[in-house]
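# Results of the structural survey
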Amino acid sequence: MLKWIHQQHFMIILLLSILILSACHQMGEPIAEATISLIPEENLETAIFAGGCFWCTESDFDKIQGVVSTTSGYIGGAVASPTYDQVVAGKTGHVEAVKVHFDNTKTSFSQLLAAYWLTIDPLTTNQQFCDVGSQYRSVIFYRDSDQKQLAENSKKALEASGRFNQPIVTEILPATEFYRAEEYHQDYYIKNPLRYAYYRNNCGRDKRLEELWGIKH
């Protein structure tokens, strides 16, 4: 009888946890939109980064203080409104990327750049970790001349640091139209934590990042 009670108690806790996680996800987007609406327009800025799988890039940027919201999507291609299947086939010219909205009173584009380098492999062309193809290459997309200059300075500083003997192949390109990815890709690491953790671990992302930067993620 006691064992049965413990089992029932465990099941209740498990169900409550699932309901709470589900509720948090359902509330996530409205909360993000509400937060954006509360920030004065002059304080809200946007940056776009490509660092391989956008599930991981989104997760990494969501951890940064001052980031208000992140959106997974596609950018840089010639096909209008591409689908995930089209992009991963590598025939549209798009890159998996993340649009980052941030509060410039709490962080800056320069700080996001510094954080970005630590989340990518800047030495490998047309590949990030286990994901191979031009659609997974690392790119900083600038939205204006200031972002372009800051991105170029950041890349030059990394090159001049002497940290790597190999060239830095991360591209710096003008932002074109950004297409929001399908809904199941948004906040994937929250919706599917076990699948996400399994993918990230098996892709060798964090192991490679530690080799490159000496930092555990």
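Please read all numbers here as calculations on a predicted model, not as lab measurements. (Residues numbered from 1 in each chain as written. Predicted model: local features only at pLDDT ≥ 70, side-chain atom pairs only at ≥ 80, totals over all residues. Heavy atoms only, no water.)

### Here we look at the pairing of strand β2 (residues 67-75)
Counting buried positions along β2 gives nine out of nine residues, so the element sits mostly inside the fold. For β2 and strand β3 (residues 95-103), the ladder comprises eight bridges, and the chain directions are antiparallel. Counted as the bridge partner of serine 69 is histidine 101 from β3. (Buried < 20%, exposed > 50% of the residue type's maximum accessible area, 1.4 Å probe, protein only. Helix = DSSP H or I, 4+ residues; strand = E, 2+ residues; numbered from the N terminus. Pairing = 2+ DSSP bridges.)

### Brief notes about the pattern of salt bridges
Scanning the model with the defined rule gives six salt bridges in all. Residue aspartate 121 pairs with arginine 208 through a salt bridge whose shortest N-O separation is 3.2 Å. With aspartate 121 in the loop between α4 (109-117) and β4 (127-128) and arginine 208 in helix α8 (residues 205-213), this residue pair connects regions lying 87 residues apart in the sequence. On the basis of relative accessible area, aspartate 121 is assigned to the buried category, the value being 4%. Linking glutamate 211 and arginine 208 is a salt bridge whose minimum nitrogen-to-oxygen distance equals 3.5 Å. A residue pair is termed a helical-turn pair when its members lie 3 or 4 positions apart in one helix, as glutamate 211 and arginine 208 do in helix α8 at three residues. Judged by relative accessible area, which is 26%, arginine 208 ranks as partly exposed. Residues joined in a network through salt bridges with shared partners are Asp60, Arg200 and Asp206. (Salt bridge = Lys/Arg side-chain N within 4 Å of Asp/Glu carboxyl O.)

### Concerning the state of the cysteines
Within this structure, the stated rule accounts for one disulfide. Between cysteine 130 and cysteine 203 runs a disulfide, and the two sulfur atoms are separated by 2.0 Å. Its S-S torsion of about -105° marks the bond between cysteine 130 and cysteine 203 as left-handed, since a negative value means left-handed. Within this pair, whereas cysteine 130 is found in the loop between β4 and β5 (131-132), its partner cysteine 203 is found in helix α7 (residues 193-203), the two being separated by 73 residues in sequence. For cysteine 203, a relative accessible area of 10% corresponds to the buried category. (Disulfide = S-S within 2.5 Å.)

### With respect to the side chain of serine 138
Topologically, serine 138 is positioned in strand β6 (residues 138-142). The class for serine 138 is buried, based on a relative accessible area of 3%. Within the structure, serine 138 has its side chain in polar contact with the side chain of threonine 170 (distance 2.8 Å). Once residues lying within four places of it in the same chain are set aside, the contact partners of serine 138 are Ala50, Tyr116, Ile120, Asp121, Gln128, Thr170 and Glu171. (Polar contact = N/O pair within 3.5 Å; in protein donor to acceptor, adjacent residues only side chain to side chain. Contact = heavy atoms within 4.5 Å.)

### Some thoughts on the layout of surface pockets
Here the second largest pocket defines a volume of roughly 200 Å³. Around the second largest pocket sit Ser59, Asp60, Lys63, Ile64, Ala115, Leu118, Thr119, Tyr196, Arg200, Asp206 and His217, which together line it. Of all the secondary structure elements, the ones that give two or more residues to the lining of the second largest pocket are α2 (54-62) and α7. (1 Å grid on protein atoms, 1.4 Å probe; cavity = no way out; pocket = protein on both sides within 12 Å on 5 of 7 lines; lining within 4 Å. Points joined across faces, edges and corners; volume = space filled by probe spheres on them.)

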